[in-house]
Amino acid sequence: MSGFRKELAKRVLIIGIIVVFLFTADVGRLFYIQIVKGAEYSDKAKSQQLSDTEIEAMRGTIYDSEGNVLAQSATVWTVFIDPSNITDKNRDLIVNYLAETFGYDDEEKSNLLEKSKEQSQYQKVEENVENRIKEEIASFVSDNKLSLCIGFQQATERYYPYGQLASSVIGFTGADNQGLAGIESYYNEQLTGINGRTITAKDSKGNSISDDYETSVEAQDGYSLSLTINTTIQYYLAKELQRTLEEYSAKGCYGVVMDCNTGAVLAMASLPDYDSNDPYTITYDKYTQELNKITDEDEKAAKQSEYVQRQWRNFVVSDTYIPGSVFKTFMASAALEEDVVNLNTTYTCTCSIQVDKYKMNCHYHPGHGTQTLTQGLENSCNPFFITIGQKLGVHNYFKYFDGFGFTQKTGIDLPGEASPQYYEENQYGIVELSSAAFGQTNSLTPIQVCTGLCAIANGGKLLTPYVVSEIKDSDGNTVSKTKTNVVRQVISEDTSKKVCQMMQSVVDNGTGKNGYVAGYRVGGKTGTSTKLGESKEGEKDKYIVSFAAIAPSDDPQIAMLIICDDPSVDLGGGAICAPIAATGIEEAMNVLGIEPTYTDEEKKDLSVKTPDVIGKTTSQAKDRLANLGLEVKIVGSGKTVTRQSPASTNTIPSGGTVVLYTDDEDKQTTKIPDFTGLTVTEANKLAASSNLNLQISGNSANNAMVVAYKQSEDVGKEVEIGSVITVSFKSTQAVLD
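(A) Examining the overall build of the protein more closely. When helices and strands are tallied, the protein shows 23 helices and 31 strands. Its C-alpha atoms give the protein a radius of gyration of 36 Å, clearly above 27 Å, the size a compact globule of 737 residues would have. For the protein, the spread of C-alpha atoms along the three principal axes comes to 145 × 80 × 55 Å. The buried share of the protein, taken over its 737 residues, is 48%. Across the protein, the fraction of contacts at a sequence separation of at least 24, relative to all contacts at a separation of at least 6, is 71%.

(B) Inspection of the sheet that holds strand β31 (residues 724–731) at higher detail. Spatial ordering of the open sheet is given by β28-β31-β29, a layout of three strands whose pairing is mixed. Edge positions in the sheet fall to β28 (693–698) and β29 (706–711), since each has one partner strand and no second. Direction aside, the axes of adjacent strands within the sheet are offset by 40° on average. Alignment of β28 against β31, held across six bridges, turns out to be parallel. Looking at the pairing, Asn 693 lines up with Val 724 of β31.

(C) Fine view of the pattern of salt bridges. Considering all chains together, one arrives at 21 salt bridges under this definition. Among the ionic pairs, Arg 91 bridges to Asp 88, the shortest N-O distance being 3.1 Å. On the accessibility criterion, Arg 91 (11% relative accessible area) is buried. Asp 88 sits in the exposed class, given a relative accessible area of 67%. Measuring nitrogen to oxygen at the nearest pair gives 3.4 Å for the salt bridge that ties Arg 521 to Glu 602. Residue Arg 521 is located in the loop between α18 (493–509) and β19 (523–530), and its partner Glu 602 is located in helix α21 (residues 600–603); the two are separated by 81 residues in the primary sequence. Each member of the salt-bridge network shares a partner with another, and the members are Glu 240, Arg 243, Glu 247, Lys 710 and Lys 730.

(D) The nonpolar core, seen in detail. One finds Ile 183, Met 268 and Tyr 397 to be the most contacted residues of the largest nonpolar core, which totals 132 residues. In terms of residue count, helix α15 (residues 382–403) provides more of this core than any other element does, nine residues in total. With sequence-adjacent residues up to four places away left out, Ile 183 is seen in contact with Ile 62, Val 169, Ile 170, Gly 171, Asn 188, Leu 191, Leu 225, Leu 227, Asp 413, Leu 414, Val 467 and Val 468. Among the nonpolar cores identified, the runner-up in size contains 21 residues, and Tyr 97, Tyr 104, Ile 133 and Phe 140 belong to it.

(E) Inspection of the sheet that holds strand β24 (residues 643–645) at higher detail. A sheet is described by the order of its strands in space; here three strands give the open sequence β23-β26-β24, paired in mixed fashion. Each having just a single partner strand, β23 (631–635) and β24 make up the two edges of the open sheet. Strand-to-strand twist in this sheet, taken as the mean axis angle between neighbours without regard to direction, amounts to 25°. The pairing of β24 with strand β26 (residues 657–661) spans three bridges and is antiparallel. Its bridge partner being in β26, Gln 644 is matched across the sheet by Leu 660.

(F) How the structure looks around the packing of aromatic side chains. Following the criterion strictly, the structure yields 28 aromatic pairs and no others. Ring centres 4.8 Å apart and planes at 35° place the aromatic pair Phe 80 and Tyr 122 in the tilted group. Separated by 42 residues along the polypeptide, Phe 80 in strand β3 (residues 69–81) and Tyr 122 in the loop between α4 (106–115) and β4 (123–129) bring together distant segments of the chain. Assessed through its relative accessible area of 16%, Phe 80 is described here as buried. Between Phe 401 and Tyr 422 the ring centres are 5.8 Å apart and the planes differ by 50°, which places this aromatic pair in the tilted class.

(G) Examining the side chain of Ser 435 more closely. On the secondary structure map, Ser 435 appears in helix α16 (residues 430–437). With residues up to four places along the chain from it excluded, the contact list for Ser 435 reads Met 360, Gln 440 and Thr 441.

Definitions and limits used
Residues numbered from 1 in each chain as written. Predicted model: local features only at pLDDT ≥ 70, side-chain atom pairs only at ≥ 80, totals over all residues. Heavy atoms only, no water. Helix = DSSP H or I, 4+ residues; strand = E, 2+ residues; numbered from the N terminus. Rg over C-alpha atoms; globule rule 2.2 N^0.38 Å. Buried < 20%, exposed > 50% of the residue type's maximum accessible area, 1.4 Å probe, protein only. Contact = heavy atoms within 4.5 Å. Pairing = 2+ DSSP bridges. Axes fitted to C-alpha atoms, helices over the stretch in contact; angles between N-to-C directions. Salt bridge = Lys/Arg side-chain N within 4 Å of Asp/Glu carboxyl O. Core = buried A, V, L, I, M, F, W, Y, C linked by side-chain atoms within 4.5 Å. Phe/Tyr/Trp six-rings, centres within 6.5 Å; stacked < 30°, edge-to-face > 60°.

Function cannot be inferred from these measures alone, as they are strictly geometric.
Dropping the structure here:
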């Protein structure tokens, strides 16, 4: 018996050890699961029991200065199917309906059918579905009790109503709704809201159950931005830059218009640009033609990428250039402020000047002769300004170079602002100073130059340029408002007025005559700089030409800079860029409500409102029109005027012809001829022979160098005789100053 008890005790002990071991293992396993892996398994359990859906926040809207929408997000939907809930009974119904709704072909429909058989709970059908189509699908789902088979996810899509307009400023967003360029990038944090969430309980099959188990956190929409950009000024600036880009097959055309008293950017364009809705598409025909010539696919892809990147780049902010003779306005300002010259200072230009061992030439090879300071700026005389730079000296030169903001970024609220490339004060010798004095040597950004022009125009204050005027939250409350920031006083008001007067003389009498706008005093300065190192051996030099403008010069409200990069002909900024500025100034003055003030000479050429002579006898009508200096052409043999052209609601150029109909005949028409390249005299003759009234715009000097370059109506368009067509003229005299 004792042996049996011992054996029993031994077995009990072994069983006890096994039980203790198993208990310990279970406790350890439980500890591992609940403590060590507790959080991980908890998350897995929740993921199986809960559906966590992110609700995308609406990106803030971008407005122009007048409240027009430039960029806006709209709700779109992703439509998906849940194959785990689709049966053979309802499969054809679902596939046929969705295929018809989205216009699928046989292959796409077949792919959808295969998706419906996948072993999954989520298969994407379509993205970016408009709300109207989503609602139609939702009705179908409800009518056929298919809520477990077809579902929707809310998302947002960015729209740019004006397409290319101001795209270099606005930028665009990527697939993840993040800003990738322009304002969209710089203010991405403010524009991007905070996404919300919806958490819903799921059953064993993964389907959502009662709303009682749903928790939601609302999305917070992003802030909205109001820009300083005026859409009308922007439109005309971009339109003229585009015309010039194509006319001269240029590498690029760039422009910026600023409120010189606040620093607000009213318009900014860098062409070629892109459509913000479709930023990867080439918009410049010259690029497209060059791409079509490339046969190697890798080379073509690389070149296409280069062109796309170039279209995205905002030259006005992100690139530097040598400003050329536009810089002479800053030299004149510094020299007058330091009293090393005055308006009576003279210099005799003999076409060149010796500086150390170098001969520096004037662009006008015969030499300008003896000139005053104002005439030196009118003629853009290099030797004159070299002597001014030498009188000023390195220290004072650099003091104003720094004072006008040319040693640092402007701080404009746009991404990728480039740093200027310039000589430090201790790097200047007599040669470097002399070259810098007429705008060579240093490279600046266009926004720097235009900001400096604002300082010349506004009484001497350097301002910080800006594009966003106000930020508001989704409830319309103002979060922040941009105030004018005065960086420093650079020159005195007296010097400012003198230089503005000198710049007006450049337009009235000098190289900037194409910047003339009737009724407004315009100040300007032409410029040309050679693109050193860019021309291949044997090729002609490549240039950047420009025109800087202020208006009205007697009370400046805007400053403007126009640049054309590598035009196909060597005409200079006065011929290529000044006409763009003239159009921009005229439109800006209208937008800003600045009334024109005409000189007696300008009044002679003003249009007059066509009087209403319908119902009067031909004799009475002739007398009435003759008193206004207008000619008459009568169509018909009747005695009473039954209709007239131009109509009484229109204007007609002084000395124009009014066509009077006296019978119930159909109106007579004529086709618009091509005035391009004609002189004023030639254009007047062609208009008269076509029974049209010619309204002259721009540089109206009657000489062989002044020719028509654009017209208000397309060539070949059929219009009523007597209609008024506006033709713009410009001087084509080549001044590479």
